[in-house]
Structure formats: structure tokens, C-alpha cells
Amino acid sequence: MLRNILVPLVALSVASLMPLAVYSQGFPTRPITLVVGYTPGGSVDLAARSIAPELSRRLGQPVTVENVAGAGGQLGTQKVINANPDGYTLLLGTSAEVAVARHVSAAVKYDALRDLACLGLIGTQPIVLVGNAQVPYNTTAELIAGLKSKPGKLSYGSAGNGSLPHLAGELLKQETQTFVVHIPYRGAVPMIADLLGNQIDLGMLLLSSALPQVKAGKLKAYGVSEPRRAPQLPNVPSLSETKGLGAIDLAVFFGVFAPAKTPAPIRDRVASELASILKAPEFQTRMTDAGFTMRALEPEAATKYIEAQAATYLRVVKASKITEQ
């Protein structure tokens, strides 16, 4: 009797696993969607549209970019987390929605570090500390000395409460023990306008947003938030080169993610093709020209890097009590 019960159960268990195994081996058999949690035209969208055709060519199926904008990338992230973990819905995600959102907003119910699996890191963008033409300091060391002598005298702008530029500004304040008034904006464009109009003194900008104004000589660049200098601004030091700022290592990361329960063979296939794309010199040149610092990391190394950055973000958020408003 026991045999009569166990044999059908074992057979049923094996049968339930077979479709998944066969499905994984045949992947992909239909188009793949690469979700971007932002509107077309920005850095995230650019990265996705650079990768999609290359990934399509290597996988033998169309890879379509879908913009699911809203809530600072959170809507797109939630869509991928809720999707079937079958490899056909992927995310081009960044630090903001993957590692910061849940710490600054009670409305975020997901934990992307748990609910998503990184298939590869594409690269990063440092934050650039800039100042308008009237700020009387020419180096980071001079600026810090000025901030210490006149606490609260200067202001700095960011792309909004809880944004990575905001975190970078608060990290700088924490490391230098200075007080600078934070002015949050709804994005970089209005902040740059006020910087150029001398309405605010300093700004924290993504490299891609800072490049045109810095190269044109309209804004002073004091330093970048990663330990290595940005190849696009080789004469601008990293902030960590200034005495006392060696601990500053913060950037916006860009990576490709899948739902965490996606079968390993599917994750491995996409990760392998993505790694080949990221190693191509022409792809690296295109991304560097667009303001990215290439940091092509495969899943294990990418996950370790993301976790380290996430720990920094959380430390800054807690110390400064940052929340979205």
C-alpha cells in the first residue's frame, strides 16, 4: 500500500520539475522585456537601449525596452519583482530604486536586494561636487575650510530628498563635520539653472548632468565621489584625494536584474551574454562618452559591490535621518 502511494507522488514531483528544466534549456523562445523605471532619454534609458540590441543579437530573440516611469524608478522595479521568474522580464536598475528607496520611503514594500538577482553590473556614475562662479574657493580643501569658518553660510542643491546626490552631499557634511543648507529640487535641470543664476552656491550632480557645464567653464568642479577620477574629467580630483575625505566612496550603480527566483540556468545564460557585451571596446567607449564609468562586474562580484554601496547609503540615511518629502 505504501508503495502504491509513494510511486505516484515521486512521479508527480519529477514531472513538476521537468517542464522547468526543459524550459530553462530552451530559453529564450520569445521576446524579452527590459524594464526601465524612468522616462525615455535619461542615463538609465540610454544604458538600456545600448544593451538591448546587443542582448537581442546574442540571445536570438527581440529585447524590448519598456519605460515604466514613476515613484523614482520604484514602479518599474515592483513590476519586475512581481513578474514571472522566467527570464522574460528583466530590469535595468540603479542604486536609487534597488538600494536606497526602501530606506527613505515607508511606501516601498519590496527589498530589492532580496527580491532581485543581479545578472551583471554595467558601470557607475560618480556624483560631482560643483560650485557657481561666485563661490570664492578653488579647491575642495579651500571649500571645506570656508564651510568650517562660516557654518550655514553656503547652500547646496540636489535632485531631491533621498536622491543619490542628496546622500553624497550629506556624506560630505558628515565626513567634514560642516553645515551646509540643503536645497532639494525636482530633478537636476532646475537646480543647474539656479546654480548658473547664483541662486544657490553648490550642487551635487550626476557626472552626465555636470559634464556640459563643467567643460564649458560655467561651473567649478571640486571633486567626484568615487576614489578614482572620472575618465571624462581627468583633471578633476576625487573627493577622497583631499585630506580627511578618504572614506568617501559613493556612486550611482547601473545593473541588469532578474526576479530572484529565476532559474539559475536562465540567469547564467543572460549573465554570460551580458558579460560579453560589457567587455566589447566599442560598447565601453559609447558608455564612457555618455558619462558612465565602466565597471563591468559579473554576478558574484557585482552583488558584493552593490551590498557594499548599499551599506554606505544606509549609513548616510540613518545618520542624516533622510526621508522623501
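Note: the structure precedes this text.
Since this is a predicted model, take the numbers as computed values, not measurements.

**Some details on the side chain of Lys173**
Then comes step 1: Counting through the fold element by element, Lys173 comes out in helix α7 (residues 164-176).
Then comes step 2: By relative accessible area, which is 14% here, Lys173 ends up buried.
Then comes step 3: Within polar-contact distance, the side chain of Lys173 engages the backbone oxygen of Val180 at 3.0 Å.
Then comes step 4: Lys173 has contacts with Tyr156, Thr178, Phe179 and Val180, leaving out every residue within four places of it along the chain.

**Points about the nonpolar core**
In a soluble, globular protein the nonpolar side chains are often hidden away together inside.
Then comes step 1: Core analysis: the biggest nonpolar cluster contains 82 residues, and Leu92, Ile122, Leu202, Phe253 and Phe283 have the highest contact counts within it.
Then comes step 2: Ignoring any residue separated from it by four or fewer positions in sequence, one finds Leu92 in contact with Leu34, Val35, Val36, Val44, Ala47, Ala48, Ile51, Glu97, Ile122, Gly255 and Val256.
Then comes step 3: Ranked by size, the runner-up nonpolar core spans 17 residues in total, among them Tyr185, Ala210, Leu219 and Val236.

**Digging into the packing of helix α2 (residues 43-59) against helix α11 (residues 281-289)**
Then comes step 1: Where α2 contacts α11, the two axes come as close as 11 Å, and the packing angle between them is 165°. On the basis of their axis angle, the class for α2 and α11 is roughly antiparallel. Here α2 and α11 pass one another in a crossing that is right-handed. Across the interface between the two elements, Leu46, Ala47, Ser50 and Ile51 from α2 touch Phe283, Arg286 and Met287 from α11.

Rules and cut-offs
- Residues numbered from 1 in each chain as written.
- Predicted model: local features only at pLDDT ≥ 70, side-chain atom pairs only at ≥ 80, totals over all residues.
- Heavy atoms only, no water.
- Helix = DSSP H or I, 4+ residues; strand = E, 2+ residues; numbered from the N terminus.
- Buried < 20%, exposed > 50% of the residue type's maximum accessible area, 1.4 Å probe, protein only.
- Polar contact = N/O pair within 3.5 Å; in protein donor to acceptor, adjacent residues only side chain to side chain.
- Contact = heavy atoms within 4.5 Å.
- Core = buried A, V, L, I, M, F, W, Y, C linked by side-chain atoms within 4.5 Å.
- Axes fitted to C-alpha atoms, helices over the stretch in contact; angles between N-to-C directions.
- Parallel < 35°, antiparallel > 145°, perpendicular 65-115°, else oblique.
- Left-handed = near helix turned anticlockwise from the far one by under 90°.

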